[in-house]
Structure formats: C-alpha cells, structure tokens
Amino acid sequence: MMKHLALLGSTGSIGTQTLQVVEETGDFKVEALAAGSNIELLEKQIRKFKPQLAVVWNKDKALELEKAIADTATRVATGMDGLLEAVRLKEVDMVLTAVVGMIGILPTLEALEAGKDIALANKETLVTAGHLVMAKAKEKGRQIYPVDSEHSAIFQVLKAQDPQTISKILLTASGGPFRGRTIEQLQHVQVEDALKHPNWAMGRKITIDSSTMVNKGLEVMEAKWLFEVDFDQIEVVIQPQSIIHSMVEFNDGAVLAQLGTADMKLPIQYALYEAKRKFMGGKRLDFKTLKQITFEEPDMETFRGLKLAYQAGKLGGSMPTVYNAANEWAVARFLDKKIGYLDIIRIIEESMEHHTLIENPTVESILAVENETYQFIESRWNR
Ligand code: NDP
Ligand code: MG
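Residues numbered from 1 in each chain as written. Chains lettered and ligands numbered in written order. Predicted model: local features only at pLDDT ≥ 70, side-chain atom pairs only at ≥ 80, totals over all residues. Heavy atoms only, no water.

**Q** Hey, could you run me through empty space enclosed by the protein in this one?
**A** To find leftover empty space, a probe the size of one water molecule is rolled over the atoms. Enumeration over the complete set of coordinates arrives at 1 cavity of 30 Å³ or more. There is about 60 Å³ of room inside the largest cavity. Lining the largest cavity we find S149, S152, Q156, W200, H245, Q258, T261, D263, L266 and P267. Those elements giving two or more residues to the lining of the largest cavity turn out to be helix 7 (149–158) and helix 12 (265–272). Here the element with the most residues in the lining of the largest cavity is helix 7; it accounts for 3 residues. Its residues assigned to classes, the lining of the largest cavity comprises 3 nonpolar, 6 polar and 1 charged. (1 Å grid on protein atoms, 1.4 Å probe; cavity = no way out; pocket = protein on both sides within 12 Å on 5 of 7 lines; lining within 4 Å. Points joined across faces, edges and corners; volume = space filled by probe spheres on them. Helix = DSSP H or I, 4+ residues; strand = E, 2+ residues; numbered from the N terminus. Nonpolar A, V, L, I, M, F, W, Y, C, P; charged D, E, K, R; others polar.)

Have a look at this one:
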C-alpha cells in the first residue's frame, strides 16, 4: 500500500537521501515538501515528486517559488503556518522531520496531534521537548521512528526484546575529526577543519556538532526519551570506524549490536517502512577486508560538550533547551567565523550557569527559554 509523506527539510542531507529512498522503492507518495530558502533545488523536487504543497520558510523566496512553479498544481505556503499546514494534510500518514534545530518542535507536536506517525531525524526537538513529544505520541497512539543512525540501531536491536531487560545502551561515536587532540590543539581550529568529518557526509550544523561531541551529547538525551532509560544507563563508546552503529547490553550480560556501512539510507528506509526490513542495494560490510573494529573511552575533559550534555540531561526541565539553544547560536556564529572554536563550549557552559531551571516546561516556556538564552548570549558575546 502506498504511504503518504510530508518531508520537512527536503533540500538537506537527510531530505535528499529520503527522496532517493522514495524514488528507489516506489512505495511512497510525497504530499508536502518543506525547505528554508533553497528554492532552486526545491523546484526540481516539486517537478519530480509533484507534492500538493510546498513550504518555504523565507517569505520572499516563497513568492519567488510561487511564480516559478505557476505551471504546476503545487501550492506554496510559508513560515510556521506553512509547516503546520503541511503536517496536518489529511492525506499524510507520516511526517519525516529533517529540519535543523528547535524549529522542529511545533510541527512535530502538531503532526502527532493530527494523528500522524513521525520519522524523526530532527534530534533537537526530542532533546528540548522530549517529555511533551513522547507524551503526545502515547496519548494519540502514534509511533516515533528514529532516523538518527545510532537510535535506529538501538531500535533495530530492541525489536522483539523486552524493554524491561535492558541494562544499558552503548551509544557509539566516531569521535569526529579531532579525536585524540588536546585542548591546546583545538584552540585554533578553523571552520574548514571542523567541517571534515571522517566517516559521514552531513549538513553543516551537525558536522560541527560531531566535531565538538555536542552531537553525541544531544544523542544521549535523545536516547533517554526514545528508550525510557536513565542517564547512567547510557554509555558513550568511541568506535572510530563507524561500523557498529550502537549496542544494547541486557540484564543477562548479552550485548546485541547493529552493524553496517555508514549510509543514512538504511535508517531512513527502516523508519519509512515502520521498522520493517526491505531490500536495499548498496555496499555491504566485507569482514575479510575489514581489518579491525576498535574502541576507546570518550575524553570528556577535552570534549566538555559531552559532559555538559549529561549535566543538562540529568538536571532536566528547561536545561536541555538552554544547552541546545546555546549550541545552535554558537555553531551558527562559528560557521560565520564570528567566534572561535572553543567558544562554542564556553557559551553553552555560561548559558547553563546563568539559567534558573524550570521543571516540566510547556512548549511556550521552552520557546521562551530559547529566546532568553539567545538574548543572554548576545548581551555578552555580540561584540
Ligand atoms: P541540512 O542542513 O543538510 O538540511 C536542513 C534542511 O532543513 C534543509 O532542507 C533546509 O532548507 C531545511 N530548513 C532549515 N530551516 C528551515 C525552516 N525554518 N523551515 C523549513 N525548512 C528549514 O541538515 P541535515 O539534513 O544534516 O540534518 C537535519 C536534521 O537531522 C538535524 O536535526 C540533524 O541533527 C539530524 N541528523 C542528520 C544526520 C545526517 O546524516 N545529516 C544524521 C542524524 C541526524 P534549505 O536547504 O533551504 O536551507
Ligand atoms: Mg547520529
């Protein structure tokens, strides 16, 4: 049966790979596509996939696109209203959310409210509003299928296992391009160096997050919500070759892992098919030539972003929002070459120290804390 999708962030790394899966399988109809401002690529996607709705965040670009595709049957919408309209479309069964950042919170909650399943790449939503999103999914009897490769791995491992028997989640990490470096060596890291990930080609923000290990920190919080475990049951293991995508240790001592090549199309496809296996072409692991899989302990002193994530997660409430918002602000400024590499972590730490915790924040207070965090940082760092 054909499944109907809304794809938020269609012009990005996950978005374009999702459309490859859609094309290769032929089992999905795209009802809505959404992007920030890249209307050139979005137009090509519209002409190929013929969605009923296209959303462009930027208003001027939305108007431009509207003119460019006047000969098609696709309607154009803009801003948050546009995103909310896309996820509510009555034909849509599943929303794949691959936008970057907290902008994903409201569309995800709205999609669940409208009774849609979620394929979730946008980890920032779960980090900041995990308690609200998981509760809404339960209330509406909907599923959240993780697209993040580690969480997909854990999800695959846990299929047919009793969740009560989990003793810990072993979240693997490549360690990024700066694994093994000292703080002194990180002092002068340039944008170009940080954008070179050893194993994965991804969007710019997550690539910087991977280099600072903030990405792993966000994933620790994401895992807490998805798998309902405590923070001391989540252990990060460095596995530089990115062959093992994550593991679970059970209460009898058994450890199950999911292995594979570093290709996001598998977790994307597994989510789109609601955790069912389907044929997928592509490279396979070859254990005759695969020389070694090695492990290391993460260096949480040099890569303090990971340590701060555990702190923010354990404090809970609004603190993960502060951690995440400060990181979003800092990474954008680092990419613009306005601040130094190590400033990213300083900014997260300062913001967390300054914040007065709110327990159980509503979506309104999460968005207010996001803004307050930006204002606080700007008062100190916008020189
Ligand atoms: P990209 O930067 O490559 O793509 C982001 C997408 O979101 C683009 O289509 C962009 O449009 C769109 N977008 C940005 N802002 C808005 C907005 N306000 N409204 C509508 N659309 C918007 O990011 P990635 O694909 O790398 O990452 C997406 C998410 O998935 C992130 O949360 C990331 O952490 C997560 N993720 C990514 C992985 C990967 O391999 N890339 C792996 C695991 C998780 P435009 O092109 O017009 O700017
Ligand atoms: Mg990941």
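Read on for the rest.
**Q** Got a minute to help me understand the coordination of the magnesium ion (ligand 2) in this structure?
**A** Each pair of donors in an ideal octahedron of six around a metal sits at 90 or 180 degrees, and each pair in an ideal tetrahedron of four sits at 109.5 degrees. Bound to the magnesium ion (ligand 2) are the protein donor atoms D148 (OD), E150 (OE) and E219 (OE), situated 2.1 to 2.2 Å from the metal. Sequence positions of the donors to the magnesium ion (ligand 2) reduce to the motif D-x1-E-x68-E. Highlighted residues: D148 in the loop between strand 7 (144–146) and helix 7 and E219 in helix 11 (residues 214–227), separated in sequence by 71 residues. Given a relative accessible area of 7%, D148 falls into the buried group. Using a relative accessible area of 1% as the deciding quantity, one classes E219 as buried. (Donors = N, O, S within 2.8 Å, 3.2 Å for Na, K, Ca; no water. Buried < 20%, exposed > 50% of the residue type's maximum accessible area, 1.4 Å probe, protein only.)

**Q** I would appreciate a short explanation of the packing of helix 6 (residues 123–140) against helix 14 (residues 319–335) in the present structure.
**A** How two helices pack is summed up by the angle between their axes together with the distance between the axes. Between helix 6 and helix 14, the shortest axis-to-axis distance is 8 Å and the interhelical angle comes to 145 degrees. Here helix 6 runs over helix 14; the crossing is left-handed. Here helix 6 contributes E124, V127 and T128 to the contact with helix 14, which in turn contributes P320, T321, N324 and E328. Split by residue class, the contact of helix 6 with helix 14 holds 2 nonpolar, 3 polar and 2 charged. (Axes fitted to C-alpha atoms, helices over the stretch in contact; angles between N-to-C directions. Left-handed = near helix turned anticlockwise from the far one by under 90°. Contact = heavy atoms within 4.5 Å.)

**Q** Honestly, the site of ligand 1 in this entry has me stumped. Any pointers?
**A** The environment of ligand 1 is made up of 24 residues, and the closest members are T11, S13, S37, N38 and E124. For ligand 1, an oxygen atom lies 2.6 Å from a polar atom in the side chain of T11. Between an oxygen atom of ligand 1 and a main-chain N or O atom of S37, the distance comes to 2.7 Å. When isolated, ligand 1 has an accessible area of 890 Å², and the protein chains bury 86% of it. When contributions to the shell around ligand 1 are tallied by element, the ones reaching two or more residues are helix 1 (13–25) and helix 6. (Near = heavy atom within 4 Å. Polar contact = N/O pair within 3.5 Å; in protein donor to acceptor, adjacent residues only side chain to side chain. Areas by Shrake-Rupley, 256 points an atom, 1.4 Å probe, with all protein chains shown as cover.)

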